[in-house]
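# A closer look at the structure
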Amino acid sequence: MRVFKFGGASVKDANGVRNVARVLQEVGYKDVFLVVSAMGKMTNAFEKLIQAYFYNTETFSVHVDKIRAYHYEIINDLFSVDHDAIINQVEGLFTEMTQFMIKNESRDYNFVYDQIVSYAELFSTKIVSAYLNDIGISNDWLDVRNCIATNSDFRDATVNWDRTKQYIRDYVNDENLQITQGFIGRDAHLNTTTLGREGSDYTAAIFAYCLNAADVTIWKDVDGVLNADPRHFEETTLLVRISYTEAIELAFYGASVIHPKTLQPLQKKDIPLYVKSFLNLQAKGTKVSKGEAISPEVPCFIVKNNQILLSISSLDFSFIVERNISEIFNLIHEQRMKVNLIQNSAISFSVCLEDKYENFDKLLVSLESRFKIDFHKGVALHTIRHFTAESIDRIEQTNKVLLKQLTQETVQIVIE
């Protein structure tokens, strides 16, 4: 069994879906299990829908209409003659979604988020599955919620591996190509959950682990894992081979090509991961496996924007000790904020935070009564793995440095 994952960029329009079919036809789809993300930027569109549902109800129907029109445009382009069957399936999902919103009484944003945003994946896979069947690539559509069991930490659910392994054994049919959704699962109360933003890679790794797959291939619109994001850096280098450990380090620091949770289940069973281009099938791409740390060995640049640099010191200028740090981290954990850098001295403690759930103001209220606080919003965190003096200069020459931290292999620089 091989596991293929196609992200949103690969199915952003009808030509993208056709290209997925071309990839399968050229590389083969026997013994393949297929994971497909939401189409294009639909996850963002669904997030706007949820915002309207909670805070701006008069625009709610506008967002629903945009989402419907986007998917129907792709359907009308893909299916030239009779497409009543797929229209009915997609419309049935729209009915499910709107009925939930009408009947829902919960004001838990994270719970509602997971119930609604998951439909983006369901729409996408229904359309791709129907198209592949229409052109002769026989496949079965699989509801991933029947396979991936999680806890109830909405928007960042933890996988129950024992149940998930059993469900995958029960539901996956290895005699035919199967297509399922990334990013989502289900808790013990039958509520839909999500595995964290960009979690489709993780979904592919979960299935690979449970199916003892030969390998996983993530198909992207870049040639493989690059040493820098081409959106931020003009010159980039393809990393031909990297180890699991190095890939985990890059993912931990925020490299966007591979989801941070993806590598661990693959490493446990020594399942290689390939990152390849769906635009250039002849390109070798990147292989992630056991062995050589990184080839070629070049500095790797990772940028995380929209960070908050928070500096904390005691009101009486006493030392910041273990008890204080424990208290601070408990408060950060309560507000579900992600810490990307830590630096402390005798009388101060600094952290670079990611405020995914917009809880920073609540954190400030908790901290200001006990500590002296200084913070900078909207800063950028630059991380360089395998840094050189020249690579550091490249960042520092044109930016104001607020904080800098070096270890043997890595430098992190917070800039204004």
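Residues numbered from 1 in each chain as written. Predicted model: local features only at pLDDT ≥ 70, side-chain atom pairs only at ≥ 80, totals over all residues. Heavy atoms only, no water.

### Some points on the sheet that holds strand β16 (residues 401–406)
The 6 strands lie next to each other as β13-β14-β12-β15-β17-β16, forming an open sheet whose pairing is antiparallel. The sheet terminates laterally at β13 (338–344) and β16, the two strands that pair on one side only. When strand polarity is set aside, the average angle formed by the axes of neighbouring strands in this sheet is 30°. Of the pairings in the sheet, the one linking strand β12 (residues 300–314) to strand β15 (residues 371–385) comprises 13 bridges and is antiparallel in character. Note that in β15 the partner of I308 across the bridge is K377. Contacts from helix α11 (residues 360–368) reach β12, β14 (348–354) and β15, with the element oriented near 130° to β15. In the packing of helix α12 (residues 389–396) onto the sheet, contacts are made with β12, β15, β16 and β17 (410–415), and the angle to β17 comes to roughly 10°. (Pairing = 2+ DSSP bridges. Helix = DSSP H or I, 4+ residues; strand = E, 2+ residues; numbered from the N terminus. Axes fitted to C-alpha atoms, helices over the stretch in contact; angles between N-to-C directions. Contact = heavy atoms within 4.5 Å.)

### Observations concerning the pairing of β14
Each regular strand displays side chains that alternate between the two surfaces of the sheet. The element β14 is largely enclosed, with a buried count of 5 among its 7 residues. Taken together, the 6 bridges between β12 and β14 define a ladder with antiparallel strand orientation. Each residue of the ladder has a partner; that of I308, found in β14, is L353. Here 6 bridges tie β13 to β14, and the two strands are oriented antiparallel to one another. Bridged to I342 within β14 is V351. Between the end of β13 and the start of β14, which pair antiparallel, lie 3 residues. (Buried < 20%, exposed > 50% of the residue type's maximum accessible area, 1.4 Å probe, protein only.)

### Thoughts on the sheet that holds strand β9 (residues 273–277)
The 9 strands are arranged β3-β4-β2-β1-β7-β9-β10-β8-β11 in an open sheet whose pairing can be described as mixed. The open sheet is flanked by β3 (139–141) and β11 (294–295), the only strands paired with a single partner. Across 2 bridges, the pairing between strand β8 (residues 241–243) and β11 is antiparallel. What sits directly across from R241, in β11, is S295. The sheet strands contacting helix α5 (residues 109–134) are β2 (32–36), β3 and β4 (177–181), and the helix crosses β4 at an angle near 160°. The strands that helix α8 (residues 244–253) touches are β8, β10 (286–289) and β11; relative to β8, the one it contacts most, it runs at about 85°.

### Section: the side chain of H386
Looking at the element boundaries, H386 is found in the loop between β15 and α12. With a relative accessible area of 11%, H386 lands in the buried category. Looking at H386, its side chain comes within polar contact range of the side chain of E246, at 3.0 Å. (Polar contact = N/O pair within 3.5 Å; in protein donor to acceptor, adjacent residues only side chain to side chain.)

### A few points about the packing of aromatic side chains
A full pass over the atoms with the stated rule returns 19 aromatic pairs. Ring centres of F79 and Y131 lie 6.2 Å apart, and the angle between their planes is 80°; on these two criteria the pair is classed as edge-to-face. Taken together, the residues F79 in the loop between α3 (60–78) and α4 (84–103) and Y131 in helix α5 connect sequence positions 52 residues apart. Under the relative-accessibility criterion, F79 is labelled buried at 5%. Exposure remark for Y131: the relative accessible area of 8% places this residue in the buried category. In textbook terms, an aromatic cluster arises when at least three aromatic residues are bridged by ring pairs, as seen for Y53, F54, Y55, F60 and Y109. Geometry around F94 places R68 over its ring, the cationic atom sitting 4.4 Å from the centre. (Phe/Tyr/Trp six-rings, centres within 6.5 Å; stacked < 30°, edge-to-face > 60°. Lys NZ or Arg CZ within 6 Å of the ring centre and 35° of its normal.)

### A look at the nonpolar core
A general trend in soluble globular proteins is that nonpolar side chains are found buried together. Counting 102 residues, the largest nonpolar core has L34, F46, L49 and L132 as the members making the most contacts within it. The dominant element in this core, judged by the number of residues it contributes, is α5, at 15 residues. Contact partners of L49, with chain neighbours within four places excluded, come to F60, H63, V64, I67, M97, M101 and I116. With 17 residues, the next largest nonpolar core counts I312, I328, L331 and V351 among its residues. (Core = buried A, V, L, I, M, F, W, Y, C linked by side-chain atoms within 4.5 Å.)

### Describing a nonpolar patch on the surface
On the surface, a cluster of nonpolar side chains totalling about 270 Å² of accessible area is made up of F319, V321 and I347. Here F319 lies in the loop between β12 and α10 (322–334). Overall, the relative accessible area of 57% leaves F319 in the exposed class. (Patch = residues over 30% accessible without salt bridge, like charges linked within 9 Å, V, L, I, M, F, W, Y side chains within 5 Å. Areas by Shrake-Rupley, 256 points an atom, 1.4 Å probe, with all protein chains shown as cover. Salt bridge = Lys/Arg side-chain N within 4 Å of Asp/Glu carboxyl O.)

### Let's talk about the environment of H382
Turning to its location among the elements, H382 is positioned in strand β15. For H382, a relative accessible area of 11% gives the class buried. Along the primary structure H382 and S348 are separated by 34 residues, whereas in three dimensions their C-alpha atoms are 22 Å apart. If sequence neighbours within four positions are ignored, H382 has contacts with F233, I302, V303, I395, V411, Q412, I413 and I415.

### Quick word on the environment of S106
In this structure, S106 sits in the loop between α4 and α5. Residues within four places of S106 in sequence aside, it is in contact with F111 and V112. In terms of polar contacts, S106 uses its side chain to reach the backbone amide nitrogen of D108, at 3.1 Å.

Remember, this is a structural readout, not a statement about activity or role.
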